[in-house]
Amino acid sequence: MRVPISWLKEYVDVDLSPTELDSLLTNAGMEGVGLEIIGLEGADLVWDRELVLLAQVLKVDRHPEADKLVLASVDYGADEPKTVVTGAPNLFQYLDQGDLSDRRLFSPMVLEGATYLDPYKDLKPRKLKGKPLRGIYNDAMLCSPVELGLGEDHDGILLIQEDEHRAYRAGTPLQDVLGDAVLDIDVIPNIARCASIVGIAREVAALTGAELRMPSLDVQMDGEPIAGRVEIHTEHPELNPRFVAMVIEGVEQKPSPFWMQHRLRLAGQRPINVVVDISNYVLLELGQPNHTFDYDFLRARADQYAPDGPIRLITRLAHEGETLTTLDGVEHELRTNNILVTDPEGNLSVGGIMGGHDSEIRPETTNVLLEAAAWNFINIRRTQRQLAMHTEAGFRFSRGVHPAQAERGARRVAELLRVLAGGTVAEGIVDYRPLEIEPVVVELEVSYVRRLSGLTDLDGAQVADLLRRLEFEVEGENAGDGETLRVTAPDHRIDIEGPHDLVEEVCRIYGYHRIPMTVLADSLPPQRGNPSLEAEENVKDILVELGLHEAITYRLTTPEAEARLSGEPDESPYVRLANPSTQDRAVMRHSLLASVLEVAAGNSRFRRRLALFEVGNIFPLAEGKDRPEELAKLAMVVAGPRDHAHWQNDGESMMDFFDLKGVVECLAEGLQTEWVFEPTEQAGFRPGKTARISLADGTAVGVLGELHPLTVERYEFRVEKDQPVLAAELDLDLILGRLDATPSVDPVPVYPAIREDLALVVDAGLSAGQVRDALREAGGPLLVKVELFDVYQGEHVEAGKKSLAYHLTFQSRSKTLKDKDVEKQRRRILAQLEKTVGATLR
Amino acid sequence: MIETLESMYQEAKDRLDAADSTEALEDWFRAHLGRKGEIQLMSRKMGEIEPADRPLFGRRVNEVKQSLQGAFDLRSADVKQREMNASIARDALDVTLPGRRPQRGGLHPSTRVMRDIYRIFGDMGFQIYRSSDVVTDQENFEWLNMPPEHPARDMQDTFYTTDENVLLRTHTSAGQVLAMREYHPEPIRVILPGMCYRNEQITARSEIQFHQIEGLAVGHHITFADLKGTLTEFAKRLFGENRQTRFRASYFPFTEPSAEMDVSCFQCDAKGCRLCKYTGWLEILGCGMVHPVVLEYGGYDPNEYSGFAFGMGPERIAMLKYGIDDIRYFWSSDLRFLEQF
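These numbers were taken from a predicted model, which means no experiment stands behind them.

Parameters at a glance
- Residues numbered from 1 in each chain as written.
- Chains lettered and ligands numbered in written order.
- Predicted model: local features only at pLDDT ≥ 70, side-chain atom pairs only at ≥ 80, totals over all residues.
- Heavy atoms only, no water.
- Phe/Tyr/Trp six-rings, centres within 6.5 Å; stacked < 30°, edge-to-face > 60°.
- Helix = DSSP H or I, 4+ residues; strand = E, 2+ residues; numbered from the N terminus.
- Buried < 20%, exposed > 50% of the residue type's maximum accessible area, 1.4 Å probe, protein only.
- Pairing = 2+ DSSP bridges.
- Arc of directions from axis to C-beta.
- Contact = heavy atoms within 4.5 Å.
- Polar contact = N/O pair within 3.5 Å; in protein donor to acceptor, adjacent residues only side chain to side chain.
- Buried area = accessible area lost by both parts, 1.4 Å probe.
- Salt bridge = Lys/Arg side-chain N within 4 Å of Asp/Glu carboxyl O.
- Nonpolar A, V, L, I, M, F, W, Y, C, P; charged D, E, K, R; others polar.
- Domains from an automatic or database assignment.
- Axes fitted to C-alpha atoms, helices over the stretch in contact; angles between N-to-C directions.
- Parallel < 35°, antiparallel > 145°, perpendicular 65-115°, else oblique.

This part covers the packing of aromatic side chains. What describes a pair of aromatic rings is the distance from one ring centre to the other and the angle between the planes of the rings. Residues and elements named next belong to chain B. Summed over the entire model, instances satisfying the criterion amount to 22 aromatic pairs over all chains. A centroid spacing of 6.3 Å and a plane angle of 65° characterise the contact between F126 and F310, whose relative ring orientation is edge-to-face. With F126 in the loop between α5 (109-123) and β1 (127-128) and F310 in strand β9 (residues 306-312), this pair connects stretches of sequence that are 184 residues apart. In this structure F310 comes out as buried when scored by relative accessible area, which is 1%. Aromatic pair Y322 and F341: ring centres 5.1 Å apart, planes at 75°, arrangement edge-to-face. Separated by 19 residues along the polypeptide, Y322 in helix α10 (residues 314-322) and F341 in the segment after α12 (335-338) bring together distant segments of the chain. Residue classification places Y322 among the partly exposed residues on the basis of a relative accessible area of 34%.

Next comes the structure, spelled out in structure tokens:
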């Protein structure tokens, strides 16, 4: 909400600079989200106090040499008037009218040497220089709003008409007339009371200790009584607890006075005419939205349903299929929860949000029926959303306006229509109150304030004083121990529910910045740690050490996007969004690998080497359950060159199955566990190059392999033809849950190791895993390490056979092995392997 | 005999001077001082000498041996030095050639920031409590004092699922009451990290998913002053000892009183710059005293217990710390982004 400080000062004295006021309000919960300074120090254009003045227009004469220019004679406080040459179109109406001094017409004037914004040069600041204009020397300029940095208007000079409410004096520095600052305040839901200038002024008064000056609510009522002319009824008191109506007759439609137009503009509203402007002005001033109907239009309708009876306004819910055209010309299809203002002939307006087109004030309207009501904020909020109508009235009613405000608003509008628009206010007010709102009374223990705030020295009198500054009524600080206060909330507040709300008010007015900072002295809870998170973080660290980058991907996807992995849609149920923001993020994922493949494929457009992993959850939904299981997974994708290109290595050697397998093996080692790899088939992976990963006890925990060429295609990987893309997905919950919490460490060997090489010839169909297992079995405890360093098939090896060459490391924990010990062991291994796997020595 | 020895000695010395490589020196040693070398052989010929001359001869042989050994040692050191110098000169590298780089991995920036936060709060006794992404309306709203139609629900554009009571959490505050129910009646200090979701347009400033770290402390004597002290300590450790904090009133349905904590801008030292939008302050987290309704839902009597809660976005903090200007980088997992961490 935009708050012009000049307007604010009408209700409270402010000694602070605009910046100080901004920070005072921000700290107290009214966050400043913008500060516009106009004409004063700190503004983009500062008005010179000597050279930018208010001038009074005394006379407008023709320019002897030019039809499009006139000579304005102005008083600017000097001994002699000044003649200004100007082309302002709005001065031509005063040509040849002789002395204008009685008209009390003023305009801002810039004298030679002062800076203004040049509308013909992209509003660049420019210094005024004297020069002849068609033969007449000119060294001053009457300004349009835009030339002063006062908005966009450049249709003519800014003409200020004095009226009985505002007097001006020629020669006053313009800074003192129009210099201003406008705060933009973010009105969050719990400060609905601050959605008005008076609401902000009340907070400023409380925070600074200044006095709040409420605008007068007196109304001079001289007209024919309203009684018997207007009747109100509601079908839903809980949705419309109060409806205040007044009638103002004989209103003259004309522009509103300059000061009102100026304030509305500063607050971000466009002046229309005096009736509309007053309605908007009071909405901004008091925060009470109000609506003006064309009285004669309503009367004419009443003649249809009750020729001798009063106008009957009824608030009710919309009927099924009912429509209403609002004053912006939009036809709305109403919902049956929308509350309307109607009469027996039909609907008139959407309650609390926007008036209807038919009953609005027209140029010829002279008689006005004024409505100021209270509405249920939840209902208004829903209607506003349903009908996509966002108005200043709806903004306030949807946050809550206390019913007590209705009469205040009506009185203020009526009196302004009388004073500024020449209306006569009908005697009396129709105040329909089907639901009384009880004042909120809170028992507040002062010890509770101390306990929550940490302000240990605060006493009852101080608490009472702080609350009274915000117009709370407080009793009891002098009674008994003064420790329990009886606090009544003022009737502009709808946010007070209990003592905790009052603690906030006390802290706010006391000043959050004055509350001390302390170290938690309360007892320390048991320190349990979070083993599963710590284990996951350990997995991330290991993979980073192994050269992979951690990715974090969207957990929202679509079944179609995930189907790219296997080629088949996953038929099991998904957690599906009712209101996705984009169609490609509509369900919670079933596959982490699918997510990582998506970003890996994206990266393949500009990176040859891919090495990514993610630790994250998947969300499978069991049939009949309302919430998914959330399972932690690990997915890895690698592809591209194994090494960086280097001057001794062209970096063209591509990673294959064994690169990713090595990563997985190292991960197992890092986790101090061992996994078993066996051939398997898995949808989306390339048959023959895929392994199932399981724990020693056979529990399957994941898959590892080269992606199927069709999967690579479906993800649109940009890789070279036949270049492998490797992927793995592991079930982290299972793996981490089974880890040995305290793995033991072997002592460092004391006796030397002996390394032997052994080349075996076996059937080509036998897997390396089988041979390794047989070797280990045969080698016994002395064989501490088996490293396969060569696999060979071809010349010198019988067809259908292959040769496997191993480094075998023997070591004893109890003695230094001798060559003959190793020789014995070696013979035993060979003999046994011949039996178990049919191996022969090569 | 002695003459032979002397001429051998002389010749050996001459040859030693001529030996100018390690190999030549080894050959020389073998020929002269080795087990089968001339001088060794001479000493075995002692029997061929007159007994009376033997002591003299023996002494002389030893002298020759020692002298040659000494000369050999000197010569060896000299040759070795020369050879090493030559080898060093020969092997000089172009040190500006690039090194062989192992492949380096990296943690996601969100993880890095989250670990910083875990560590700092861990030091203050805050444990990590995790709860699920897919939650009930109660967990996300009702238990946090936002009954149906509460206006604050509009502050968060929620993703609802096709089951009307189930939604994607909009904040990890959704785990607060779960933690309280689990730990009740112990005092609590936890932080609740996790992914949250909001139905927003994806732009440089807003995302549909983001991490949040919520914090919660509940006990018998926890005050707003404790909240200020704890969070200021956190801010100083995360952003630097010289940072100031500012607490200003704000609104969250689940805390009362509520506040926003700003930290003095670390880029301009609170003088005003683009990062802090010329305010000198960076908005870091929302916080407040746990609302009595929330304490009650968690099983703690608000007349006996009090607590504070706070919530912050690791991505926002990462963006501020690393000067990242587009939140979309985080889930794009673009290696050109990730490799910078």
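Having seen the structure, we can now continue with the description.
Within a regular beta strand, the side chains point alternately toward one face of the sheet and then the other, so they alternate between its two faces. Residues and elements named next belong to chain A. In terms of strand pairing, strand β27 (residues 441-445) meets strand β29 (residues 484-488) through five bridges, oriented antiparallel. Within the sheet, the bridge partner assigned to E443 lies in β29 and is R486. As paired elements, strand β28 (residues 473-475) and β29 share three bridges and run antiparallel to each other. The partner of E473 across the bridge, within β29, is T488.

We now examine helix α12 (residues 460-468) of chain A. All names here are of chain A. Listing the buried residues of α12 in full gives G460, V463, A464, L466 and L467. Buried positions in α12, seen along its axis, are confined to an arc of 165° and lie on one side of it. In this fold, the buried residues of α12 make contact with β27, α11 (446-453), β28, β29 and α13 (499-510). Two or three places before A461, at the opening of α12, D459 has a side-chain oxygen 3.1 Å from that residue's backbone nitrogen.

Quick look at the side chain of T245 of chain B now. Inspection of the secondary structure puts T245 of chain B in strand β6 (residues 245-252). A relative accessible area of 15% places T245 of chain B in the buried class. Side chain to side chain, T245 of chain B and T232 of chain B meet in a polar contact 2.9 Å long. Not counting chain neighbours up to four residues away, the residues in contact with T245 of chain B comprise M517 of chain A together with T232, A235, M261, D262, V263 and W281 of chain B.

A few words on the interface of chain A and chain B. If you look at the interface, chain A gives 86 residues, while chain B gives 99 residues. Between chain A and chain B the total buried area reaches about 8,100 Å² when both faces are included, carbon and sulfur atoms providing 53% of it. Here E536 of chain A ties to R130 of chain B by a salt bridge, and the two come within 3.1 Å at their closest N and O atoms. Of all elements in the fold, only α2 (18-27), α8 (377-387), α11, α13, α14 (531-545), β30 (549-550), α16 (592-603) and β33 (610-618) of chain A reach the threshold of two or more residues within the side of chain A that touches chain B. For the side of chain A that touches chain B, the element with the most residues is α14 of chain A, which contributes seven residues. Per-class residue counts for the side of chain A that touches chain B are 37 nonpolar, 23 polar and 26 charged.

In terms of domain boundaries, chain B breaks down into domain 1 (2-90) and domain 2 (109-338). Between the C-alpha centres of domain 1 of chain B and domain 2 of chain B the distance comes to 86 Å.

With that settled, consider the packing of helix α15 (residues 559-566) of chain A against α16 of chain A. Residues and elements named next belong to chain A. Where α15 meets α16, the closest approach of the two axes is 9 Å, and the angle between their N-to-C directions is 90°. Here α15 lies roughly perpendicular to α16, going by the angle between them. Between α15 and α16, the residues in contact are A561, E562, R564 and L565 and L593, A594, L597 and E598, respectively. Each residue belonging to the contact of α15 with α16 can be placed in one class, and the counts come to five nonpolar, no polar and three charged.

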